[in-house]
Amino acid sequence: QVYVVESGGGLVQAGDSLRLSCTTSGRTFSSYAMGWFRQAPGKEREFVAAISTSGGTTYYAASMKGRFTISRDNAKNTVYLLMNSLKAEDTAVYYCAAKLRVFSRNSNDYDYWGQGTQVTVSS
């Protein structure tokens, strides 16, 4: 089983930046594509970004492209989400998820999930 733990959330002001981290257990991290999702109160879970097993390919939701950057360090079993120019509407619980092989925009395709980390953006 793969354990996924997110960290780095917090309270920031609009326009600020924040970096989320997601660390997984085991030595098979490089076998998993990784994704970030978020869920705001009263809304459905939303795709944010994903990255391929090697880190060579990334995909972003249209509203995040240009502001958010996903990256990974396979030696540290860690994936990152750098969020720039944060907006109030970015407020949500952010979840990290792992999927074998090819990345996906669909949350149902992911096999392992973290507990989430709260990001609150004050305007």
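Residues numbered from 1 in each chain as written. Predicted model: local features only at pLDDT ≥ 70, side-chain atom pairs only at ≥ 80, totals over all residues. Heavy atoms only, no water.

Chemist: Before we go on, may I ask you to explain the sheet that holds strand β7 (residues 68-73) in this structure?
Modeler: Sheet strands pair by backbone hydrogen bonding; their relative direction is either parallel or antiparallel. Read from one edge of the open sheet, four strands run β1-β3-β8-β7, paired in antiparallel fashion. Two strands in the sheet have a free side with no partner beyond their single neighbour: β1 (4-7) and β7. Within this sheet the neighbouring strands show an average axis-to-axis angle of 15°, counted without direction. When strand β3 (residues 18-24) meets strand β8 (residues 78-83), the two strands line up antiparallel, connected through six bridges. If you follow L20 over to β8, its bridge partner there is L81. (Pairing = 2+ DSSP bridges. Helix = DSSP H or I, 4+ residues; strand = E, 2+ residues; numbered from the N terminus. Axes fitted to C-alpha atoms, helices over the stretch in contact; angles between N-to-C directions.)

Chemist: Before we go on, may I ask you to explain the pattern of salt bridges in this structure?
Modeler: As a working rule, side chains carrying opposite charge can pair if their charged atoms are close by. In this structure the tally under the stated criterion is three salt bridges. Across the pair E46 and R38 runs a salt bridge whose closest N-O atoms are separated by 2.9 Å. On the basis of relative accessibility, which here comes to 7%, the residue R38 falls in the buried class. Several salt bridges converge on common partners, so that one network encompasses R38, E46, R67 and D90. (Salt bridge = Lys/Arg side-chain N within 4 Å of Asp/Glu carboxyl O. Buried < 20%, exposed > 50% of the residue type's maximum accessible area, 1.4 Å probe, protein only.)

Chemist: I would appreciate a short explanation of the side chain of S104 in the present structure.
Modeler: Here S104 is to be found in the loop between β9 (92-100) and β10 (112-113). On the basis of relative accessible area, S104 is assigned to the buried category, the value being 8%. A polar side-chain atom of S104 sits 2.6 Å from a polar atom in the side chain of D109. S104 has contacts with F37, F47, A50, K99, D109 and Y110, leaving out every residue within four places of it along the chain. (Polar contact = N/O pair within 3.5 Å; in protein donor to acceptor, adjacent residues only side chain to side chain. Contact = heavy atoms within 4.5 Å.)

Chemist: Looking at this structure, how should I read the environment of S17?
Modeler: Examined against the element boundaries, S17 turns out to sit in the loop between β2 (10-13) and β3. For S17, a relative accessible area of 42% translates into the label partly exposed. The sequence separation of S17 and L86 amounts to 69 residues, and the corresponding C-alpha distance is 6.3 Å. Here S17 is in contact with M83, N84, S85 and L86, once residues within four sequence places are set aside.

Chemist: Quick question: what am I supposed to make of the state of the cysteines here?
Modeler: What we call a disulfide is simply a covalent bond connecting the sulfur atoms of a pair of cysteines. All chains considered together, the criterion is met by one disulfide. Residue pairing for C22: its cysteine sulfur links by disulfide to C96, the two sulfurs lying 2.0 Å apart. Because the sign of the S-S torsion sets the handedness, a value of about -80° for the bond joining C22 and C96 places this disulfide among the left-handed ones. Of this pair, C22 sits in strand β3 while C96 is found in strand β9, placing the two residues 74 residues apart along the sequence. (Disulfide = S-S within 2.5 Å.)

Just geometry here; none of it tells us what the structure is for.
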